[in-house]
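Descriptive analysis of the structure
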Amino acid sequence: MAVDISTRDSVAVITMSRPEALNAFNVEQIQAVIDSVTQVNDRADIRSIVLTGEGERAFAAGADIKYMVDLDGAGGAEFGRLGHALTRAVAESRQPVIAAVNGFALGGGCEVAIAADIRFASPNAVFAQPEVGLGIPPGWGGTQRLPRLVGPGMAAEMILSGRRVGADEALRIGLVNAIHPLETLVEASVELAAQIAANSPRAVAAARDLMKLAFNGQTASGLATEAELFGEAFNGPDQKEGMRAFVEKRKPIFEN
Ligand code: DAK
């Protein structure tokens, strides 16, 4: 199953499940997650969402590199648009979303987590934007949302170096709100989601809209430029070298 939806009273738990690839996003998986969020958005009985990954190793290890490796510029742009639709579905979900990050949240996985309203992590959580090592810049909202969340300096460090950030550091820099043991991560997230769900849905919706006004004024135009610009990376040599190196399990060599 690509995505599982379960409910606990008025909280929906959406579990992304593609364990053979550490829950990485191929086209089908992206569509399945969008469809699940849309389906839950349409349910009047649900007031908040917990989004997590199947298993004990990964929230999501990013976009599917094996799928992307041979995409051309048009294919890259199309895949980028689909990824934007995924992060938009999370960011604009009718109900607030808590990401329960249960392991790797890399590339597109990190971008899905930061599109959520709130993040809880397990101690084995690892966040990174490793795209530049694959010959592409982040393209699913990371360039716009990460600086707002952790500040421009730390975002630049993560995005330009690709350095991995563990749970403790993620807590320190404000990337996650709290760390919970892996065994109780979803339960703790559901507990917070239930607290949100007990409040006035109209007041919660208004508060979210207002917070978006405070922080996201420029996000829409930034995201549009991000989507436009990053498809171009698939026309150049670095995307092929970076992704082939991953598939062939070797280090990439980028020419000037
Ligand atoms: N894609 C495809 N397969 C993946 C994957 C991924 N992102 N991550 C892991 N897998 C697969 C591995 O290939 C392996 O499969 P087999 O080789 O066994 O068939 C399986 O999952 C288990 O992974 P490992 O054997 O590598 O496990 P390890 O414990 O050794 O390492 C790891 C775990 C998460 C550190 C490692 O798998 C890893 O580094 N994965 C890649 C992480 C990554 O770089 N993610 C970022 C992806 S790039 C855009 C379009 C897209 C994007 C941006 C812009 N535009 C066109 C606008 C998005 C980019 C990304 O998300």
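Values in this document were obtained by computation on a predicted structure and should not be read as measured data.

1. Description of the site of the ligand
- As a matter of local geometry, the ligand sits amid 30 residues, with Arg57, Ala63, Ile65, Gly76 and Gly108 nearest to it.
- Take Ala61: an N or O atom from its main chain is 2.9 Å from a nitrogen atom of the ligand.
- Here a nitrogen atom of the ligand and a backbone polar atom of Ile65 are 2.9 Å apart.
- In the complex, the protein chains occlude 78% of the 1,100 Å² of accessible area that the ligand would expose alone.
- When contributions to the shell around the ligand are tallied by element, the ones reaching two or more residues are α2 (65-68), α3 (73-91) and β6 (104-106).
- Per-element accounting of the shell around the ligand gives the leading share, three residues, to α2.
- Counted by class, the shell around the ligand contains 17 nonpolar, six polar and seven charged residues.

2. Some points on helix α1 (residues 27-41)
- A rise of 1.5 Å per residue sets the reference length of α1, with its 15 residues, at 21 Å; its end C-alpha atoms lie 21 Å apart and thus fit the reference within 8%.
- Here α1 has its buried residues at Gln29, Ile30, Ala32, Val33, Ile34, Ser36, Val37, Val40 and Asn41.
- In this fold, the buried residues of α1 make contact with β1 (3-8), β2 (11-16), β3 (48-53) and α3.

3. A short note on the packing of aromatic side chains
- In this structure the tally under the stated criterion is three aromatic pairs.
- A ring pair is formed by Phe25 and Trp140, whose centres lie 5.9 Å apart and whose planes are at 50°; its orientation type is tilted. Residue Phe25 is found in the loop between β2 and α1, and its partner Trp140 is found in the loop between β8 (126-128) and α5 (142-150); the two are separated by 115 residues along the sequence.
- The class of Phe25 is buried, set by a relative accessible area of 0%.
- Judged by its relative accessible area of 5%, Trp140 falls in the buried class.
- Taking 5.0 Å as the distance between ring centres and 55° as the angle between the ring planes, the aromatic pair formed by Tyr67 and Phe79 counts as tilted. Remark: Phe79 occurs in helix α3 and Tyr67 occurs in helix α2; sequence separation between them is 12 residues.
- Exposure remark for Phe79: the relative accessible area of 4% places this residue in the buried category.
- Three or more aromatic residues link up through ring pairs in this structure, and these residues are Phe25, Tyr67, Phe79 and Trp140.

Each value, and the rule that gives it
Residues numbered from 1 in each chain as written. Predicted model: local features only at pLDDT ≥ 70, side-chain atom pairs only at ≥ 80, totals over all residues. Heavy atoms only, no water. Near = heavy atom within 4 Å. Polar contact = N/O pair within 3.5 Å; in protein donor to acceptor, adjacent residues only side chain to side chain. Areas by Shrake-Rupley, 256 points an atom, 1.4 Å probe, with all protein chains shown as cover. Helix = DSSP H or I, 4+ residues; strand = E, 2+ residues; numbered from the N terminus. Nonpolar A, V, L, I, M, F, W, Y, C, P; charged D, E, K, R; others polar. Expected span 1.5 Å × (residues − 1). Buried < 20%, exposed > 50% of the residue type's maximum accessible area, 1.4 Å probe, protein only. Contact = heavy atoms within 4.5 Å. Phe/Tyr/Trp six-rings, centres within 6.5 Å; stacked < 30°, edge-to-face > 60°.

These values are about where atoms sit, not about what they do.
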